[in-house]
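Understanding the architecture of this molecule
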Amino acid sequence: AGALPRAVAVLSFSVLLSARGAAQRHPAHSNLPANCWSRLHPVNMFSSYNVKFHHSKALTSPYPGSHIERSHVPEDKVGWLTEWKDYNPVEYTAKSVLAGPSWADPQINDEGFSPKFNERDGEVERKSLNGLYVVENGRPRNPVGRTGLTGRGLLGRWGPNHAADPVVTRWKRDGSGNKVAHPVTGKNILQFVAIKRRDCGEWAIPGGMVDPGEKITATLKREFEEEALNSLQKSPEEKAKLEKQLHKLFSQEHFVVYRGYVDDPRNTDNAWMETEAVNYHDETGETMDNLPLEAGDDAGMVKWVDISEKLELYASHSYFIKLVTEKWGAHWSEDPGSEC
């Protein structure tokens, strides 16, 4: 399927919440500091609150894997509602996408290609997690705004490109099996399975693209197996054993950390990344203790990593991880002002 469909979703976004809107919806929480609202309803924040996303990664040049420079987009002209008659973005779609692999759409004007945007189109999900998007001159329009680049870049689908990110966690334990607390905050330390990306060498959450017709739950489990357990290189017997061990973890109650648009360096005016990040927590550690972590697919390395604000993760994966620590009341920062 090539590297792209299995690529880790690059996550980065900046969120500004409206204090008035949040107080009206949750009057009991109107005195909460802004950084605490996220744990109330992190899912679908895009529509739940008066949220404004800022492009950051989606405005960077050169475009990943190329020498293409985006047209410069000033911050005050990102939004489509701001008139900009002289806007003249660069057109770019990577050769790997134009070659017509199974995970990519044809070009918009190709004969016989008539995509059904904003709905399920056969096996391809063209609905956005953030609601309806505008289609202009036959092309979907990035719901967050201008990026300085049209076409699809490295992304296979016109419109939303759906990814899934499994955040697998456990408590850090000492040699006797007791939970380890942070010496300053006294809160227990949480660990998560992290992979080191081959393309940039940064640590990240394992994850990748949702295949056509595939359920998100299946993608989350498959991506974890491929990237953190190297399941693609296992024998049928070994793979069956992994499946049995993982079934308990991935079939239990889980926590949807985030669903929606993500600011990604691959985004364009006509194609963008969306993800569903889900936390699967191994409370006792029994399930994951028996699973040998082994890097596979797009991962260079894989290991359990202690969670704290000192973590430097790829793009905004740290934001997802922080939401998970809030959910479990785990250690995040030695600065009490940065926690709820």
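Residues numbered from 1 in each chain as written. Predicted model: local features only at pLDDT ≥ 70, side-chain atom pairs only at ≥ 80, totals over all residues. Heavy atoms only, no water.

As annotated in an unreviewed UniProt entry, the chain is ADP-ribose pyrophosphatase, mitochondrial from Platysteira castanea. In the Subunit (unreviewed entry) part of its UniProt record, the chain is described as follows: "Monomer. Interacts with GLOD4." Listed in UniProt under the heading Catalytic activity (unreviewed entry), the comment for the chain reads: "ADP-D-ribose + H2O = D-ribose 5-phosphate + AMP + 2 H(+)". (UniProt positions renumbered as here; feature names shortened; annotations may be inferred.)

Our focus in this paragraph is the overall build of the chain. Per the secondary structure count, the chain includes 8 helices and 15 strands. Expressed as a percentage of the 340 residues in the chain, the buried residues total 49%. Long-range contacts, defined as pairs at least 24 residues apart, comprise 72% of the intrachain contacts of the chain with a sequence gap of at least 6. Of the roughly 16000 Å² of accessible surface on the chain, 49% is carried by carbon and sulfur atoms. (Helix = DSSP H or I, 4+ residues; strand = E, 2+ residues; numbered from the N terminus. Buried < 20%, exposed > 50% of the residue type's maximum accessible area, 1.4 Å probe, protein only. Contact = heavy atoms within 4.5 Å. Areas by Shrake-Rupley, 256 points an atom, 1.4 Å probe, with all protein chains shown as cover.)

For the rest of this paragraph, the subject is helix H8 (residues 317-328). Along its 12 residues, H8 runs 17 Å from first to last C-alpha, staying within 8% of the 16 Å computed at 1.5 Å per residue. Burial analysis of H8 places 9 of its 12 residues in the buried class, the great majority of the element. Taken residue by residue, H8 has His317, Ser318, Phe320, Ile321, Lys322, Leu323, Val324, Thr325 and Glu326 as its buried positions. One or two residues past the end of H8 sits Gly329, with phi positive at roughly 65 degrees. (Expected span 1.5 Å × (residues − 1).)

This part covers unusual backbone geometry. Here Ser61 and Pro62 are connected by a cis peptide whose omega angle stands at -5 degrees. Tracing the chain through its elements places Pro62 in the loop between strand S2 (52-54) and strand S3 (90-93). The phi torsion at Asn118 lies on the positive side, around 65 degrees, for a residue other than glycine. Secondary-structure assignment places Asn118 in the loop between helix H4 (95-98) and strand S4 (120-121). Despite not being glycine, Asn137 has its phi angle at roughly 55 degrees, a positive value.

Core analysis: the biggest nonpolar cluster contains 27 residues, and Phe192, Val257 and Ile321 have the highest contact counts within it. Breaking this core down by element, the ones donating at least two residues are strand S9 (159-171), strand S10 (190-197), strand S13 (255-262), strand S14 (271-282) and H8. Val168, Phe224, Leu229 and Val278 belong to the second largest nonpolar core, which has 18 residues in total. (Core = buried A, V, L, I, M, F, W, Y, C linked by side-chain atoms within 4.5 Å.)

This part is about the side chain of Asp269. Of note, Asp269 is situated in the loop between S13 and S14. Buried Asp269, no salt bridge; nearest opposite-charge side chain is Arg70, N-O distance 6.1 Å. Within the structure, the side chain of Asp269 is placed 2.6 Å from the side chain of Tyr87, a separation counted as a polar contact. One polar contact links the side chain of Asp269 to the main-chain amide nitrogen of Thr147, over a distance of 2.7 Å. Contacts of Asp269, omitting those with residues within four sequence positions, involve Trp80, Tyr87, Pro89, Pro140, Arg141, Asn142, Gly145, Arg146, Thr147, Gly148, Leu149 and Thr150. (Lys, Arg positive; Asp, Glu negative; His and termini not counted. Salt bridge = Lys/Arg side-chain N within 4 Å of Asp/Glu carboxyl O. Polar contact = N/O pair within 3.5 Å; in protein donor to acceptor, adjacent residues only side chain to side chain.)

The element S14 is largely enclosed, with a buried count of 12 among its 12 residues. The alternating pattern of S14 places Ala271, Met273, Thr275, Ala277, Asn279 and His281 on one face and Trp272, Glu274, Glu276, Val278, Tyr280 and Asp282 on the opposite face, and all of these are buried. Summarising the sheet, S9 and S14 pair through 12 bridges and their orientation is parallel. Bridge pairing in S14 links Asn161 to Met273. Across 7 bridges, the pairing between S13 and S14 is antiparallel. (Pairing = 2+ DSSP bridges.)

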